[in-house]
Amino acid sequence: MSERDGKFVLPIGPQHPSLKEPCSFKITLDGEVVEKAVVEIGYNHRGLEKACESRTFVQDLYIIERVCGICSHAHTSAFCRCVEEMCGLLVPRRAEYIRGIVGELERLHSHLLWLGVAAHEIGFDTLFMYTWRDRERVLDMLAAIGGNRINYGVNTFGGVRRDLEPELIAEIGRVMDALEEKLKYYFELALVEPALIGRLSGIGILRPEDVRRFSAVGPVARAAGIMDDTRIIEPYGVFREIAVNGVTDDHCDVYGRTIVRVKEMLESVRLIRVMLRELPDGPISVKAPRRVPAGEILIRVEAPRGEDIHYVRSTGGDMPDRVRVRAPTEANWHGMSYMLEGFHLADVPIIIAAIDPCYSCTDRAVRLTDAGGSSLHAWEELRRLGIERYQSLGIDPSGIRLREFPRG
Amino acid sequence: MGLVDKAIAWGGRNSPWIIHFNAGACNGCDIEVVDALTPRFDLERLGILQQGSPRHADVLVVTGAVTLQTRERLKEIYDQMSTPKFVVAVGTCACSGGIFDGCYCVTGGVDAVIPVDAYIPGCAVRPEAIIHAVDALLKAKLPKAAGRLKKDKKAKPDRKEDAAHDGAGNDQ
């Protein structure tokens with residue numbers, strides 16, 4: 001703790017009891033109140049994108065799976081879809097359903113993990129133990145499908161590698177029944193437990209206009225009433241056939257994010273039931289070529305923490321020319337200082353935890369080659385630039401109707 | 001071996017406190033370490049407790065390939081721990097760098113930075129493996145005789161045996 005102009009500067013991290021991963025915060029305190037917060041990330045930067053560029057596409061799949069151990073399926077789903085779109089592969093329907101089931105199981109385990117960690121941060125360790133006990137059932141199912149509790153390796157180019165046997169489908173159904181009961185209990189708990197409401201309400205506020213300003217995604221945006229669920233605004237895979245009931249809340253604070261996540265878990269249970277019931281027969285994968293045609297692509301997938309964006313550029317070889325991973329936490333960091341400022345030091349851990357930060361997802365390097373100047377593009381200008389670019393490639397995009405996104 | 005050393009060995013054997021440090025892992029091993037502390041596996045029944053401060057901990061549990069930015073911090077945390085201290089490398093990345101070995105920002109395994117006492121391979125490691133490794137490590141490093149506070153009245157104290165255990169208990 002160091003003193004500067006009568007204010008305390010409190011360094012938190014990179015190793016800290018309330019942080020499971022290395023990250024550093026410099027928090028300037030005026031008494032008990034946070035006056036300024038500076039986030040220092042980058043401790044987890046491993047040079048993953050560069051590693052992808054020096055390996056073949058098939059090898060990259062294993063690296064992409066290890067971008068993050070919690071949302072590994074979301075990352076491989078995005079990367080696989082990039083390659084499939086570039087190769088023009090048609091993924092079998094059964095494979096899309098299995099991807100969807102594993103994705104929703106992953107959302108369940110991630111949100112249960114978050115609920116436990118959040119409860120731990122506010123000193124409610126009983127709930128932490130309860131949720132992590134229930135999470136084990138989900139992990140058992142993921143292990144039964146993929147053979148591993150974490151990094152299950154279900155996805156491959158052109159489909160999935162593991163099929164669902166009838167006994168396993170019945171077992172998942174039973175686990176969902178048991179889990180739904182628990183989730184309803186947590187939902188009621190979140191609505192009536194005064195300690196939980198008192199501790200979570202009114203802190204870490206991010207209003208809809210701030211969500212737009214900081215480009216926040218996922219449950220952080222949805223807790224401010226902005227529906228940005230990629231499964232709804234840009235359906236992909238199985239979600240083209242099965243509609244998702246979006247969850248939003250208007251509390252704009254940590255409590256709202258809790259409500260959104262608990263409701264999303266109930267929605268995931270419903271989706272898994274529907275997908276298991278309507279699981280089509282057929283093959284689970286098609287053969288993918290080793291070389292990927294030249295081109296570039298950007299794919300969005302809804303990870304448990306929000307919108308996960310992957311960009312892949314290929315020059316026609318068996319190695320990518322450029323891989324870019326923009327994980328949801330990277331988008332949510334921008335608003336972090338704003339969320340912390342003005343609140344008490346005791347609320348700092350739960351406000352940080354409320355965006356469900358994942359540092360290993362986040363730590364990518366960006367080199368500013370044109371540093372010094374910055375420019376802002378308005379929406380119309382961006383659109384004009386996009387049209388010009390596609391026209392230079394020989395594609396006429398003027399006939400494409402733009403989807404109208406619901407604006408705050 | 002003095003009474004203080006025996007008391008420390010006894011405490012370390014029966015209630016080792018662990019500190020967890022993520023040196024650049026993908027989160028997979030970290031959540032499995034936390035998983036081992038929660039009801040299904042419940043490391044606490046073996047007296048193992050997670051601690052926030054390196055000064056209170058006996059066992060440093062490191063996950064992930066060591067990145068350039070965490071390297072100094074890892075050394076610092078290791079130096080802050082009091083002896084006897086042990087290091088467990090959890091996961092393939094911590095053992096050798098794993099899939100990230102050779103990346104421009106990765107030093108390699110944990111043993112490139114600090115001495116490691118136990119390696120647990122796996123991606124991600126299962127909680128059972130973590131429990132087994134911590135248990136085996138403490139049995140090997142802090143033998144039971146060294147951790148006995150009261151001398152067994154029936155068996156006569158053997159000076160030679162004591163001397164042998166002295167070495168075993170204090171090799172850090």
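Since we're looking at a predicted model, the values are computed, not measured. (Residues numbered from 1 in each chain as written. Chains lettered and ligands numbered in written order. Predicted model: local features only at pLDDT ≥ 70, side-chain atom pairs only at ≥ 80, totals over all residues. Heavy atoms only, no water.)

### So, the nonpolar core
- Counting residues in hydrophobic clusters, the biggest one holds 154 residues, and the most contacted among them are Phe25, Phe79, Leu105, Leu108, Met176 and Leu183 of chain A together with Val90 of chain B.
- For Met176 of chain A, the contacting residues outside a window of four places in its chain are Leu105, Leu108, Val269, Ile272 and Arg273 of chain A. (Core = buried A, V, L, I, M, F, W, Y, C linked by side-chain atoms within 4.5 Å. Buried < 20%, exposed > 50% of the residue type's maximum accessible area, 1.4 Å probe, protein only. Contact = heavy atoms within 4.5 Å.)

### Points about the sheet that holds strand S9 (residues 320-326) of chain A
Residue and element names in this part refer to chain A.
- Pairing is antiparallel across the open sheet formed by 3 strands, whose spatial order is S7-S8-S9. The outermost strands of the open sheet, each flanked by one partner alone, are strand S7 (295-303) and S9. Here the average twist between neighbouring strands, direction ignored, is 15°.
- Where strand S8 (residues 306-314) meets S9, 6 bridges bridge the pair, whose relative direction is antiparallel. Looking across to S9, one finds that Tyr311 is bridged to Arg324. (Pairing = 2+ DSSP bridges. Helix = DSSP H or I, 4+ residues; strand = E, 2+ residues; numbered from the N terminus. Axes fitted to C-alpha atoms, helices over the stretch in contact; angles between N-to-C directions.)

### Here we look at unusual backbone geometry
Residue and element names in this part refer to chain B.
- Cis geometry is found at the peptide bond from Thr83 to Pro84, where omega equals -5°.
- Along the chain, the position of Pro84 falls in the loop between helix H3 (68-80) and strand S5 (86-90).
- Going from Cys123 to Ala124, the amide bond is cis rather than trans, its omega being -10°.
- For Ala124, the location among the structural elements is in the loop between strand S7 (118-120) and helix H5 (127-141).
- Unusually for a residue other than glycine, Asp42 sits at a positive phi of about 50°.
- By the secondary structure assignment, Asp42 is in the loop between helix H2 (28-35) and strand S2 (49-50).
- Asp42 sits in the partly exposed class, given a relative accessible area of 27%.

### Topic: the interface of chain B and chain A
- Opposite the 37 residues of chain B that make contact, chain A presents 43 residues.
- Both faces combined, the contact of chain B with chain A buries some 3,300 Å², and carbon together with sulfur accounts for 60% of it.
- By the criterion of area lost to chain A, the three top residues of chain B are Ile31, Arg40 and Ile99 of chain B, representing 16% of everything that side buries.
- Across the contact surface, chain B and chain A share 5 salt bridges.
- A salt bridge links Arg149 of chain A to Glu32 of chain B; its shortest N-O distance comes to 2.7 Å.
- Counting every contact that joins chain B to chain A gives 13 residue pairs in polar contact (both at pLDDT 80 or more).
- Among the elements of the structure, strand S1 (17-22), H2 and H3 of chain B are those that each provide at least two residues to the side of chain B that touches chain A.
- Per element, the largest residue contribution to the side of chain B that touches chain A is 6 residues, and it comes from H2 of chain B.
- Looking at the side of chain B that touches chain A residue by residue, the classes come out as 20 nonpolar, 10 polar and 7 charged. (Buried area = accessible area lost by both parts, 1.4 Å probe. Salt bridge = Lys/Arg side-chain N within 4 Å of Asp/Glu carboxyl O. Polar contact = N/O pair within 3.5 Å; in protein donor to acceptor, adjacent residues only side chain to side chain. Nonpolar A, V, L, I, M, F, W, Y, C, P; charged D, E, K, R; others polar.)

### Comments concerning the sheet that holds S5 of chain B
Residue and element names in this part refer to chain B.
- Ordered by their spatial adjacency, 5 strands build an open sheet running S2-S1-S3-S5-S7, and the pairing between neighbours is parallel. This sheet does not close on itself; its edge strands, each paired only once, are S2 and S7.
- Across 3 bridges, S5 lies against S7 in parallel orientation. Residue pairing across strands places Val90 opposite Ile120, the latter belonging to S7.

### Observations concerning a nonpolar patch on the surface
- Residues Trp379, Leu382 and Leu385 of chain A make up a contiguous nonpolar surface patch of about 300 Å² in total accessible area.
- Position of Leu382 of chain A relative to the elements: it lies in helix H16 (residues 379-392). (Patch = residues over 30% accessible without salt bridge, like charges linked within 9 Å, V, L, I, M, F, W, Y side chains within 5 Å. Areas by Shrake-Rupley, 256 points an atom, 1.4 Å probe, with all protein chains shown as cover.)

### Considering the confidence of the model for chain B
Residue and element names in this part refer to chain B.
- Overall, the predicted model of chain B reaches an average pLDDT of 81, with 82% of residues at or above 70.
- Note that pLDDT drops below 50 for residues 157-172; the model gives that stretch 20 contacts with residues more than four away or on any other chain.
- Reported for the predicted complex are a pTM of 0.87 and an ipTM of 0.84. (pLDDT = per-residue confidence, 0-100.)

### Examining the pattern of salt bridges
Residues and elements named next belong to chain A.
- Enumeration over the complete set of coordinates arrives at 41 salt bridges over all chains.
- We note a salt bridge from Asp210 to Arg213, for which the minimum N-O separation is 3.3 Å. Pair noted here: Asp210 and Arg213 are both in helix H8 (residues 208-214), with a separation of 3 residues, about one helical turn.
- According to the relative accessible area criterion, Asp210 is buried, its value standing at 6%.
- With its nearest N and O atoms 2.8 Å apart, the salt bridge here joins Glu234 to Arg300.

### Thoughts on H2 of chain B
- Across the 8 residues of H2 of chain B, 8 count as buried, placing the element largely inside the fold.
- Buried within H2 of chain B we find Gly28, Cys29, Asp30, Ile31, Glu32, Val33, Val34 and Asp35 of chain B.
- On its buried face, H2 of chain B is in contact with helix H4 (93-121) and helix H5 (125-146) of chain A together with S1, strand S3 (59-63), S5 and H5 of chain B.

### Some words on the packing of aromatic side chains
All names here are of chain A.
- Enumeration according to the criterion identifies 8 aromatic pairs over all chains in this entry.
- An angle of 70° between the planes, with centres 5.6 Å apart, marks the rings of Phe128 and Trp132 as edge-to-face. With Phe128 and Trp132 both in helix H5 and 4 residues apart, the pair spans about one turn of that helix. Residues Phe128 and Trp132 agree in their burial class; the two are buried.
- With centroids separated by 5.5 Å and ring planes inclined at 35°, the aromatic side chains of Trp333 and Tyr359 adopt a geometry described as tilted. On the criterion of sequence distance, the pair formed by Trp333 in the loop between helix H12 (328-332) and helix H13 (336-340) and Tyr359 in helix H15 (residues 359-362) is long-range, its members being 26 residues apart. The burial state of Trp333 is the same as that of Tyr359; both residues are buried. (Phe/Tyr/Trp six-rings, centres within 6.5 Å; stacked < 30°, edge-to-face > 60°.)

### Here we look at the packing of H5 of chain A against H2 of chain B
- With their axes 11 Å apart at the nearest point, H5 of chain A and H2 of chain B run at an angle of 120° to one another. On the basis of their axis angle, the class for H5 of chain A and H2 of chain B is oblique. Remark: the crossing between H5 of chain A and H2 of chain B carries left-handed chirality. Together, Phe128, Trp132, Arg135, Glu136 and Leu139 of chain A of H5 of chain A and Ile31, Val34 and Asp35 of chain B of H2 of chain B make up the contact between the two elements.
- Partitioned by chemical class, the residues of the contact of H5 of chain A with H2 of chain B number 5 nonpolar, no polar and 3 charged. (Parallel < 35°, antiparallel > 145°, perpendicular 65-115°, else oblique. Left-handed = near helix turned anticlockwise from the far one by under 90°.)

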